[in-house]
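If you want the building blocks of each chain, they are given just below.
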Amino acid sequence: EVLLTTRAFNPAKGMLDLPGGFVDMNETAEEAIIRELKEELNINIQNPKYLFSLPNEYEFSGITVHTLDIFFKIEIDDNTIIKTDDDVASAQFYDLNNVNIENIGLQSIKTAIEKFRTK
């Protein structure tokens, strides 16, 4: 299964996404994903496992920013209660093979889901 969120704001408002965000100054990618999952979904994780990265173009304040999306595998306990916040409208688990790629708003996330399916 994969946990997908629905974007609360543009770009791609109302479309599916993976939880995450930007790395803050003096923060590692691992620290960033731990912080972002706490901010967006109120979940605590440990030991995220790096999978791969993909280049992305992200529209921010009318400017196209070139970013590098970094993807991790995480595991959460079945008893975890997800509470959406920040820039996430909702979150739901999907069977990885039943995710409709056309419902995903950002190209790098579409590519990532396709890569997840082949692992």
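Everything below is about the structure shown above.
So, how was this worked out
- Residues numbered from 1 in each chain as written.
- Predicted model: local features only at pLDDT ≥ 70, side-chain atom pairs only at ≥ 80, totals over all residues.
- Heavy atoms only, no water.
- Helix = DSSP H or I, 4+ residues; strand = E, 2+ residues; numbered from the N terminus.
- Rg over C-alpha atoms; globule rule 2.2 N^0.38 Å.
- Buried < 20%, exposed > 50% of the residue type's maximum accessible area, 1.4 Å probe, protein only.
- Contact = heavy atoms within 4.5 Å.
- Areas by Shrake-Rupley, 256 points an atom, 1.4 Å probe, with all protein chains shown as cover.
- Lys, Arg positive; Asp, Glu negative; His and termini not counted.
- Charge placed at Lys NZ, Arg CZ, Asp CG, Glu CD.
- Phe/Tyr/Trp six-rings, centres within 6.5 Å; stacked < 30°, edge-to-face > 60°.
- Lys NZ or Arg CZ within 6 Å of the ring centre and 35° of its normal.
- Pairing = 2+ DSSP bridges.
- Patch = residues over 30% accessible without salt bridge, like charges linked within 9 Å, V, L, I, M, F, W, Y side chains within 5 Å.
- Salt bridge = Lys/Arg side-chain N within 4 Å of Asp/Glu carboxyl O.
- Core = buried A, V, L, I, M, F, W, Y, C linked by side-chain atoms within 4.5 Å.
- Polar contact = N/O pair within 3.5 Å; in protein donor to acceptor, adjacent residues only side chain to side chain.

**Q** Any chance you could explain the overall build of the chain here in plain terms?
**A** Each helix and strand counted, the chain has two helices and five strands in total. Reading the secondary structure of the chain in the N-to-C direction produces β-β-α-β-β-β-α. Rg of the C-alpha trace for the chain: 14 Å, near the compact-globule value of 14 Å for 119 residues, within the 12% margin. Overall, the C-alpha framework of the chain stretches about 40 × 35 × 25 Å when taken along its three principal axes. When burial is assessed residue by residue, the chain has 37% of its 119 residues classed as buried. Put simply, of all contacts in the chain between residues at least 6 apart along the chain, 53% involve residues at least 24 apart. Entry remark: accessible area of the chain is about 7700 Å², with carbon and sulfur atoms responsible for 48%. With 11 positive and 21 negative side-chain charges, the chain shows a spacing of 3 Å between the two charge centroids.

**Q** Which parts of the structure should I look at to understand the packing of aromatic side chains?
**A** Note on aromatic pairs: each is described by the distance of the centres and the angle between the planes. Scanning the model with the defined rule gives five aromatic pairs in all. Judged by centre distance (6.2 Å) and plane angle (80 degrees), the rings of Tyr50 and Phe72 are edge-to-face. Here Tyr50, found in strand E3 (residues 49-60), pairs with Phe72, found in strand E4 (residues 63-73); they are 22 residues apart in sequence, far enough to count as distant. Taken together, the ring pairs in this structure connect Phe52, Phe71 and Phe116 into an aromatic cluster. Across from the ring centre of Phe52, 4.7 Å away, lies the NZ or CZ of Lys115, which sits over that ring.

**Q** I tried to follow the sheet that holds strand E1 (residues 2-7) on my own but got confused; where do I start?
**A** The strands making up a sheet associate through hydrogen bonds between their backbones, and the pairing can be parallel or antiparallel. Across the sheet, three strands lie side by side as E2-E1-E5; this open sheet has antiparallel pairing. Among the strands making up the open sheet, the edge pair consists of strand E2 (16-17) and strand E5 (88-94).

**Q** For this particular structure, what's the right way to read a nonpolar patch on the surface?
**A** On the surface, a cluster of nonpolar side chains totalling about 300 Å² of accessible area is made up of Tyr50, Leu68 and Ile70. For Ile70, the location among the structural elements is in strand E4. Taking relative accessible area as the criterion, Ile70 reaches 35% and is therefore assigned partly exposed.

**Q** Help me understand the nonpolar core in this model?
**A** As a rule of thumb, soluble globular proteins bury nonpolar side chains together. If you look at the biggest cluster of nonpolar residues, it comprises 18 residues, and the most contacted ones within it are Val2, Leu4, Leu18, Phe71, Ile104, Ile113 and Phe116. Of all the elements in the fold, those that place two or more residues in this core are E1, E3 and helix H2 (107-118). If one sorts the elements of this core by residue count, H2 sits on top with four residues. The contacts of Ile104, once residues within four sequence positions are left out, are Met15, Leu16, Val99, Ile109, Lys110 and Ile113.

**Q** Could you clarify how one ought to interpret the side chain of Arg7 in this entry?
**A** The residue Arg7 is located in strand E1 in this model. Of the polar contacts made by the side chain of Arg7, one reaches the side chain of Tyr58; its length is 3.1 Å.

**Q** How do you make sense of the side chain of Asp17 when you look at a structure like this?
**A** Tracing the chain through its elements places Asp17 in strand E2. Assessed through its relative accessible area of 7%, Asp17 is described here as buried. Side-chain polar atoms of Asp17 contact the side chain of Arg7, separated by 2.4 Å. Those residues in contact with Asp17 that lie beyond four places of it in its chain are Leu4, Thr5, Arg7, Leu106 and Ile109.

**Q** So what exactly am I meant to see when it comes to the environment of Thr111 here?
**A** With respect to the secondary-structure elements, Thr111 resides in helix H2. Judged by relative accessible area, which is 29%, Thr111 ranks as partly exposed. With 107 residues separating them in the primary sequence, Thr111 and Leu4 have C-alpha atoms 14 Å apart.

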